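Survey of secondary and tertiary structure
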Amino acid sequence: MEKSLPQQILELKKKHHAVILAHNYQSPQIQDIADFVGDSLDLSLKAMKTDAEIIVFCGVDFMAESAKILNPEKTVILPDKTANCPMAEMVDAESLGWLKKEHPGAEVVAYINTTADVKALADICCTSANGVKIVKSRKAKKIIFVPDRNLGLFIQKQAPEKEMILWPGICRTHHDIKKEDIILLKKKHPHAEVLVHPECQPEIIELADFAFSTNGMVTHAKTSPVKEFIIGTEKGLCYRLEKENPDKKFYPVSSAVCPNMKKTTLEKVLKSMETLKPKINLSDDLMQKARIPLQRMIDMERGEKK
Ligand code: 13P
Ligand code: SF4
């Protein structure tokens, strides 16, 4: 009898001493074969902790690139090399360089959803889980924040002491969540709490009970006595939420899908583990430069404030 795809993947994982990391938005089949499922911050921390020689990253390119930058000696594989984050591509190094020149005293905080050459120009990186803490920790009053304007506005509200210069990037998946989507779900499920991602527009965040990173939503749903939740982020997160909280109900915004996150399939994971391709390849010089802001964020998370 032919072995199932998950069985074949598991065998290759053992053979290559590999670890499979999957983002919370991945499809159920991928989440089920992963060693760890998490948000961008959690997965960066996991990538640094693992002693596996090969990291198979089921997510989008900036996540796999970050894993490679933090572990240059390891092989990092992205099963579908076209799985990108369109928002990360909304800011380029040349334009950011011009903006830095216009604001010489400002520090640059780059959302982890950026390319390696944009990270190379940043003072520190952040994710949606730690953006407020990171911005507040910087010495400069003026902060250039790239690329997500909605996350930048969310941080600015909680860090009024800072003067934030925001890049006009957006995530279509989150930006397109409409007030009416949430209002309709609230009408249908009046006892549900509303959890949204800070990449949503400010008017959506205002309607919500809480704005969290995807892992923040997982922790909140687990620890809250509330039994029903409206989930304002990519709807793939609901699979993990349901799996870990079988006694609770989760209502997604049905249109909230990130097509790039859904490009990873079991077939592609298997093929990538047979061929050890496509690999993330970045020049040593670029990795060295991009590692500085990423490492500063990781060190802050580990309490070794720099
Ligand atoms: P999280 O870090 O909250 O998982 O978000 C990643 C992302 O790409 C949101 O769209
Ligand atoms: Fe990028 Fe948005 Fe997809 Fe997240 S959901 S990976 S920000 S396009």
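My aim in this report is to walk through the structure given alongside it, one point at a time. Just so it is clear, the model here is predicted, and its values are computed rather than measured.

Take the site of ligand 2 next. What surrounds ligand 2 is the set Tyr 25, Val 60, Cys 85, Pro 86, Met 87, Asn 113, Cys 171, His 174, Glu 199, Cys 258 and Met 261. More than half of the atoms of ligand 2 fall within 2 Å of the grid points belonging to the largest pocket. Each residue belonging to the shell around ligand 2 can be placed in one class, and the counts come to 8 nonpolar, 2 polar and 1 charged.

The geometry of two aromatic rings is summed up by the distance between their centres and the angle between their planes. A full pass over the atoms with the stated rule returns 2 aromatic pairs. In this structure, Lys 101 packs its charged tip against the face of Trp 98, placed 5.1 Å from the ring centre.

What follows concerns the packing of helix α1 (residues 5–16) against helix α14 (residues 266–275). Two numbers describe how α1 lies on α14: the axes approach to 10 Å, and their chain directions differ by 30°. In this view, α1 runs roughly parallel relative to α14, as classed from their interaxial angle. Remark: the crossing between α1 and α14 carries left-handed chirality. Only Leu 266, Glu 267, Val 269, Leu 270, Met 273 and Glu 274 of α14 make contact with α1, whose side of the interface consists of Leu 5, Pro 6, Gln 8, Ile 9, Leu 12, Lys 13 and His 16. In the contact of α1 with α14, the residues fall into 8 nonpolar, 2 polar and 3 charged.

Bringing the site of ligand 1 into the picture now. Taken together, the residues surrounding ligand 1 are His 23, Tyr 25, Asp 39, Ser 40, Asn 113, Ser 128, His 174, His 197, Glu 199, Ser 213 and Thr 214. Between an oxygen atom of ligand 1 and a side-chain N or O atom of Tyr 25, the distance comes to 3.5 Å. Ser 40 places a polar side-chain atom, nitrogen or oxygen, 2.8 Å from an oxygen atom of ligand 1. Alone, ligand 1 offers 300 Å² of accessible surface; in the complex the protein occludes 96% of this. Among the detected pockets, ligand 1 sits in the largest pocket. Of the residues belonging to the shell around ligand 1, the class tally is 1 nonpolar, 8 polar and 2 charged.

On to the sheet that holds strand β11 (residues 228–232). Strand order in the open sheet formed by 4 strands is β10-β9-β11-β12, and the pairing between neighbours is parallel. Pairing within the sheet leaves two strands with one partner each, and these edge strands are β10 (210–211) and β12 (249–252). Bridge count for strand β9 (residues 193–196) against β11 is 4 bridges, and the pairing is parallel. Residue pairing in the sheet places Val 194 in a bridge with Ile 230 of β11. This element, helix α10 (residues 179–188), spans β9, β11 and β12 of the sheet and lies at about 170° to β11.

Definitions and limits used
- Residues numbered from 1 in each chain as written.
- Chains lettered and ligands numbered in written order.
- Predicted model: local features only at pLDDT ≥ 70, side-chain atom pairs only at ≥ 80, totals over all residues.
- Heavy atoms only, no water.
- Near = heavy atom within 4 Å.
- 1 Å grid on protein atoms, 1.4 Å probe; cavity = no way out; pocket = protein on both sides within 12 Å on 5 of 7 lines; lining within 4 Å.
- Sits in = over half its atoms within 2 Å of the grid points.
- Nonpolar A, V, L, I, M, F, W, Y, C, P; charged D, E, K, R; others polar.
- Phe/Tyr/Trp six-rings, centres within 6.5 Å; stacked < 30°, edge-to-face > 60°.
- Lys NZ or Arg CZ within 6 Å of the ring centre and 35° of its normal.
- Axes fitted to C-alpha atoms, helices over the stretch in contact; angles between N-to-C directions.
- Helix = DSSP H or I, 4+ residues; strand = E, 2+ residues; numbered from the N terminus.
- Parallel < 35°, antiparallel > 145°, perpendicular 65-115°, else oblique.
- Left-handed = near helix turned anticlockwise from the far one by under 90°.
- Contact = heavy atoms within 4.5 Å.
- Polar contact = N/O pair within 3.5 Å; in protein donor to acceptor, adjacent residues only side chain to side chain.
- Areas by Shrake-Rupley, 256 points an atom, 1.4 Å probe, with all protein chains shown as cover.
- Pairing = 2+ DSSP bridges.

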